[in-house]
Amino acid sequence: MGEGHLAISVENLKRRFPGCDALGGVSFALPRGAIGALLGPNGSGKTTLLRVLAGVLAPTSGHAIVAGQDVTQQSLEARRRIGYLSETAPLYLEMRVGEYLTFRGGLYGLSGSHLAKRLRTVLELCQLGDVQRRVIGLLSRGFRQRVALAACFLHEPDVLLLDEPTGALDPAQAQACRNILRTRSPSQTVLFSTHSIRDAEQLAQHLLILNAGRVAAWSSPADLIQSMRAADPGSPVAHSPLEAAYLQLTAPPVMVRDPTTSGQPS
Amino acid sequence: MKIFFHIWWREVSAYFRTSMAYVTGFFFLAVAGFGFWNATARWAQAPSPGHFANGLFGSVWYWLAMLVVTPLLAMRLFAEENRTGTLETLLAAPVTETTIVLAKFASAFSLFLLLWAPTLAYGFLLRHCGAQYPAMPWGWVAAGYFGTALVGAFFLAIALFCSLWTRHQMAAAMAGLGALGILLALGFIPVHASGIWSCVAQAAAPTRHMQDFAAGIVDTRHLIWYVSATALVLFMTIRVLEARRLR
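Observations regarding the layout of surface pockets
Right, on to step 1. In this structure, the largest pocket spans a volume of roughly 530 Å³.
Right, on to step 2. Along the wall of the largest pocket there are 26 residues; nearest its centre are A:Arg51, B:Asn82, B:Glu88, B:Arg244 and B:Arg247.
Right, on to step 3. No other element matches the four residues that helix α4 (residues 60-84) of chain B contributes to the lining of the largest pocket.
Right, on to step 4. Estimates place the volume of the second largest pocket at around 250 Å³.
Right, on to step 5. What lines the second largest pocket is a set of 19 residues, and nearest its centre among them are A:Glu94, B:Thr18, B:Arg76, B:Glu80 and B:Gln169.
Right, on to step 6. Of all the secondary structure elements, the ones that give two or more residues to the lining of the second largest pocket are α1 (2-17) and α4 of chain B.
Right, on to step 7. The dominant element in the lining of the second largest pocket, judged by the number of residues it contributes, is α4(B), at six residues.
Right, on to step 8. Along the lines of polarity and charge, the residues of the lining of the second largest pocket split into six nonpolar, five polar and eight charged.

See the structure below:
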């Protein structure tokens, strides 16, 4: 498979913050049109990876190509082709839904009849037609999440980077969000982070499991389950084979006390 | 350019969506109105053009309005975006940091000019008040407004820079107030004081510059100083915002 088939190509990506390495050499590639799920415990580097890919943070070293553009060298062009939803789904609360989406469309160069057409499409896609004249600050968390998601789809990005899109939603809203992702254009690629194994199982064709800033696994859910079963049949207690594989890959290292020393773990 | 106006318009309309524009406007017009009343009273006692223009553009009321209003206008621009996380949305969009900073600055400057606009009525008010006042020194007043725009732009650039460093609007306002207070304090260094710092302080003191503007003098040195100082502070703001991606 050539580079042209890849929507996201990441090579030895590192991101260092003062006092910690958030990403310690991450490499993976996601084909066009695929959905990838980013799993990992808190602090494993999921959000940092998405922020680097979205062009919000610069990598310390390594390369990341998103939608055919280098996120460092061709940052503006890359950002034009990305729809990014950050973890807290920040919005201008004093604006009305329609106004906010118009503003977001304008940032991506949409205007006139094209913008109006895209507005109608995303309002319908995210079922926001009834609240488009409502002030965002007066909406529930679920509606706000949908507004943020609608803004991501507005400029028809090639790649959607979503940080916990179903994180704070109730089951019905989370299902609505999953449906939105399923009904996207087939050419659009999605990489989303989640703590929900169920979301990953239901949506993703590719799984990237991060642990302490490094890639613990990168494969399809079926391959991952098979390889983990083969490697260790006595997997931890879990609700699903995928969850068992996840728990195995992200388990903290076992601390063994050495009785010959003063009790310090070795 | 289209995106610049897009962000500018959002920022300007945001002032009016919250109580910010109205509270700031009320405070400003109250203080400016009192300054005008004071200037008029002094002018009636000693009718010289200098008395009127100095009363309008060099009084304590004038500097109080400038000192308080500019941090109030700029405090929200970045601090609120830092607090709510919406700055990340802007940084993820195909918009340069230069466009973001200049659009935000332009929105605050637009509102600043809008606040000053009603004070243009003062002159017309006096003109139709009767014969007890001498002819309005229009040239002096025009130079005063020009100087006010220059000083206001510089003050807003400083307050905007302060807003970038915090998540709290009040902290941004206090930092802006402190920085501008120090700048204004330069004007209180005695003219006869010697030494390089005294010379620098006198050259940079807005109160001294406004004395010239209020006397109808548009000195090119003042013009260059304010344009270049404003540009420098805005440049620093852009660079700090760019550095956010590296932090």
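With respect to the pairing of strand β4 (residues 61-66) of chain A
Residues and elements named next belong to chain A.
Right, on to step 1. Note: strand β1 (residues 6-17) against β4, five bridges, orientation antiparallel. Across the sheet, the residue bridging to Ile8 is Val66, located in β4.
Right, on to step 2. Pairing of β4 with strand β5 (residues 69-70), which is carried by two bridges, proceeds in the antiparallel orientation. Among the inter-strand pairings, Ile65 is bridged to a residue of β5, identified as Asp70.
Right, on to step 3. Counting the residues between successive antiparallel strands, the hairpin from β4 to β5 contains two residues, one of them, Ala67, with a positive phi of roughly 50°.

Here we look at the packing of aromatic side chains
Right, on to step 1. The tally for this structure, following the rule as stated, stands at 26 aromatic pairs over all chains.
Right, on to step 2. Directly above the ring of A:Phe143 sits A:Arg146, whose terminal nitrogen or CZ lies 4.6 Å from the centroid.

Some details on the interface of chain B and chain A
Where interface size is quoted, it is often the accessible area lost as the parts come together.
Right, on to step 1. The partner chain A presents 27 residues to the 24 residues of chain B that form the contact.
Right, on to step 2. With both chains or domains summed, chain B and chain A bury close to 2,400 Å², and 59% of this area falls on carbon and sulfur atoms.
Right, on to step 3. One salt bridge in this structure joins A:Glu99 and B:Arg17, with 2.8 Å as the shortest N-O distance.
Right, on to step 4. Inspection of the region where chain B meets chain A yields 14 residue pairs in polar contact (both at pLDDT 80 or more).
Right, on to step 5. Elements supplying a minimum of two residues to the side of chain B that touches chain A: α1, α4 and α5 (86-92) of chain B.

Calculation criteria
- Counting of residues starts from 1 at the beginning of each chain's written sequence and follows it residue by residue.
- Starting at A for chains and at 1 for ligands, labels are handed out in the order in which the entities are written.
- Note on the predicted model: pLDDT of at least 70 is required for a residue's local features to be given, and 80 or more for side-chain atom pairs to be given and counted; whole-chain, interface and lining totals, by contrast, use all residues.
- Hydrogens and water are ignored here; the side-chain numbers use all heavy atoms of the structure.
- Here a cavity denotes grid points, spaced 1 Å and computed from the protein atoms alone, that fit a 1.4 Å probe unable to get out, and a pocket denotes an open set having protein on both sides within 12 Å along at least 5 of 7 lines; residues with an atom within 4 Å of a point are the lining.
- Grid points are joined across faces, edges and corners, and a volume is the space filled by probe spheres set on the points.
- We count a stretch as a helix when DSSP gives it H or I for four or more residues in a row; a strand needs E for two or more, and each element gets its number in order from the N terminus.
- Each residue receives one of three labels: charged for Asp, Glu, Lys and Arg, nonpolar for Ala, Val, Leu, Ile, Met, Phe, Trp, Tyr, Cys and Pro, and polar for the others, Gly being one of them.
- DSSP calls a pair of strands paired once it identifies at least 2 bridges connecting them.
- Any two rings among Phe, Tyr and Trp, with Trp reduced to its six-membered ring, count as a pair given centres within 6.5 Å; such a pair is stacked if its planes are under 30 degrees apart, edge-to-face if over 60, and tilted if neither.
- Two thresholds decide whether a charge sits over a ring: the Lys NZ or Arg CZ must be within 6 Å of the ring centre and within 35 degrees of the ring normal.
- We call two residues in contact whenever any of their non-hydrogen atoms come within 4.5 Å of each other.
- Throughout, the accessible surface (probe 1.4 Å) given up by two parts as they are put together, summed over both, is called the buried area.
- Any Lys or Arg side-chain nitrogen located within 4 Å of an Asp or Glu carboxyl oxygen qualifies as a salt bridge.
- Here a polar contact means two N or O atoms within 3.5 Å. Within protein one must be a hydrogen donor candidate and the other an acceptor candidate, and residues neighboring in sequence count only if both atoms are side-chain atoms.

What is shown is where atoms sit, not what they do.
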